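Overview (structure and organization)
What follows is each chain in one-letter form.
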Amino acid sequence: MENRDAKLIEDILHLKAQRKAVILAHNYQLGEVQDIADFVGDSLQLSQNAAKTDADVIVFCGVHFMAETASILCPDKVVLLPDIHAGCPMADMITAEGLRERKRELPGAIVTPRLRSRQSQMFVAPRLMPSRSLKTWTARRYYLFPTNT
């Protein structure tokens with residue numbers, strides 16, 4: 001480990017203690033990021049773990065929808081996303097307005113976004129479910145949008 005890396009880690013850990021923060025790293029983050037994280041795992045699991053802590057600040061090393069989920073589950077905590085441009089192509093496939101428009105076109109359709117959706121999309125839908133449940137639930141239903149999954 002180089003001196004500058006050791007100094008960076010020391011600075012991060014100092015800020016973490018000073019701000020009473022918890023660091024969450026999604027499974028796909030680099031090993032160096034995972035090494036200093038308090039929790040490493042799946043997006044929903046990470047937000048659930050953060051909710052159980054007494055941290056004031058959540059540093060979510062992931063993408064937008066993950067930080068948004070943490071914000072919903074931990075409304076009393078400040079949620080920081082280190083890379084403001086971190087996004088998920090799947091979550092960005094539809095906007096909340098696009099979803100509203102599609103619901104107007106198909107008024108009887110049941111809309112069930114995955115938990116891996118943007119917060120703005122979640123509030124348009126009456127229910128949410130994890131992707132593992134959604135696959136089973138949608139096996140006998142039609143998708144509102146084309147899908148490759």
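What you are looking at is a predicted structure, and each value in this text was computed from that prediction instead of being measured.

**Brief notes about the sheet that holds strand S2 (residues 39–41)**
- The parallel open sheet is built from 4 strands, whose spatial order is S2-S1-S3-S4. Where the open sheet ends on each side, the last strands, each with one partner, are S2 and strand S4 (78–80). Here the average twist between neighbouring strands, direction ignored, is 20°.
- Inspection of the sheet shows strand S1 (residues 21–26) paired to strand S3 (residues 57–61) by 5 bridges, in the parallel sense. In the strand pairing of S3, Ala25 is matched with Cys61.
- Contacts from helix H4 (residues 64–73) reach S1, S3 and S4, with the element oriented near 155° to S3.

**Some points on the pattern of salt bridges**
- Within this structure, the stated rule accounts for 3 salt bridges.
- With a closest N to O distance of 4.0 Å, Lys20 and Asp54 form a salt bridge. Of this pair, Lys20 sits in the loop between helix H1 (3–19) and S1 while Asp54 sits in the loop between helix H3 (43–51) and S3; the two residues are 34 residues apart in sequence, bridging distant segments of the chain.
- Residue class for Lys20 comes out partly exposed when judged on its relative accessible area of 40%.
- A relative accessible area of 58% places Asp54 in the exposed class.

**Thoughts on the environment of Lys20**
- It is 6.3 Å that separates the C-alpha atoms of Lys20 and Val57, two residues lying 37 residues apart in sequence.
- Once residues within four sequence positions are removed from consideration, Lys20 is found in contact with Asp54, Ala55, Asp56 and Val57.

**A few points about the packing of H3 against H4**
- Running from N to C, H3 and H4 cross one another at 35°; their axes reach a closest spacing of 9 Å. Both H3 and H4 take part in a crossing whose hand is right-handed. Residues Ser43, Leu44, Ser47, Gln48 and Ala51 of H3 form the contact with H4, whose own contacting residues are Phe65, Met66, Thr69, Ala70 and Leu73.

**Some remarks on H3**
- Three or more residues of H3 are buried, namely Ser43, Leu46, Ser47, Asn49 and Ala50. Angular distribution of buried residues about the axis of H3 spans 160°; they occupy a single face of the element.
- Along its buried surface, H3 packs onto S1, S2, S3 and H4.

**Description of the pairing of S1**
- Counting buried residues along S1, 6 of its 6 residues qualify, which places the element largely inside the surrounding structure.
- On S1, burial covers both faces: Ala21, Ile23 and Ala25 on one face and Val22, Leu24 and His26 on the other are all buried.
- For the crossover from S1 across helix H2 (residues 31–36) to S2, the handedness is right-handed.

**Brief notes about the side chain of Gln29**
- Counting through the fold element by element, Gln29 comes out in the loop between S1 and H2.
- Among the polar contacts listed, one links the side chain of Gln29 to the backbone oxygen of Cys61, at a separation of 3.3 Å.
- Among all residues touching Gln29, those that are not within four sequence positions of it are Gln34, Cys61 and Gly62.

**Topic: the confidence of the model for the protein**
- Overall, the predicted model of the protein reaches an average pLDDT of 77, with 67% of residues at or above 70.
- This stretch, residues 133–149, has a pLDDT under 50; its non-local contacts, to residues over four places away or in other chains, come to 18 contacts.

**Section: the environment of Ala17**
- Tracing the backbone through its elements, the reader meets Ala17 in helix H1.
- Judged by its relative accessible area of 63%, Ala17 falls in the exposed class.
- Taking C-alpha positions, Ala17 is 9.6 Å from Ala55, a pair spaced 38 residues apart along the chain.

What counts and what doesn't
Residues numbered from 1 in each chain as written. Predicted model: local features only at pLDDT ≥ 70, side-chain atom pairs only at ≥ 80, totals over all residues. Heavy atoms only, no water. Pairing = 2+ DSSP bridges. Helix = DSSP H or I, 4+ residues; strand = E, 2+ residues; numbered from the N terminus. Axes fitted to C-alpha atoms, helices over the stretch in contact; angles between N-to-C directions. Contact = heavy atoms within 4.5 Å. Salt bridge = Lys/Arg side-chain N within 4 Å of Asp/Glu carboxyl O. Buried < 20%, exposed > 50% of the residue type's maximum accessible area, 1.4 Å probe, protein only. Left-handed = near helix turned anticlockwise from the far one by under 90°. Arc of directions from axis to C-beta. Right-handed = clockwise from strand over helix to strand, strands pointing away. Polar contact = N/O pair within 3.5 Å; in protein donor to acceptor, adjacent residues only side chain to side chain. pLDDT = per-residue confidence, 0-100.

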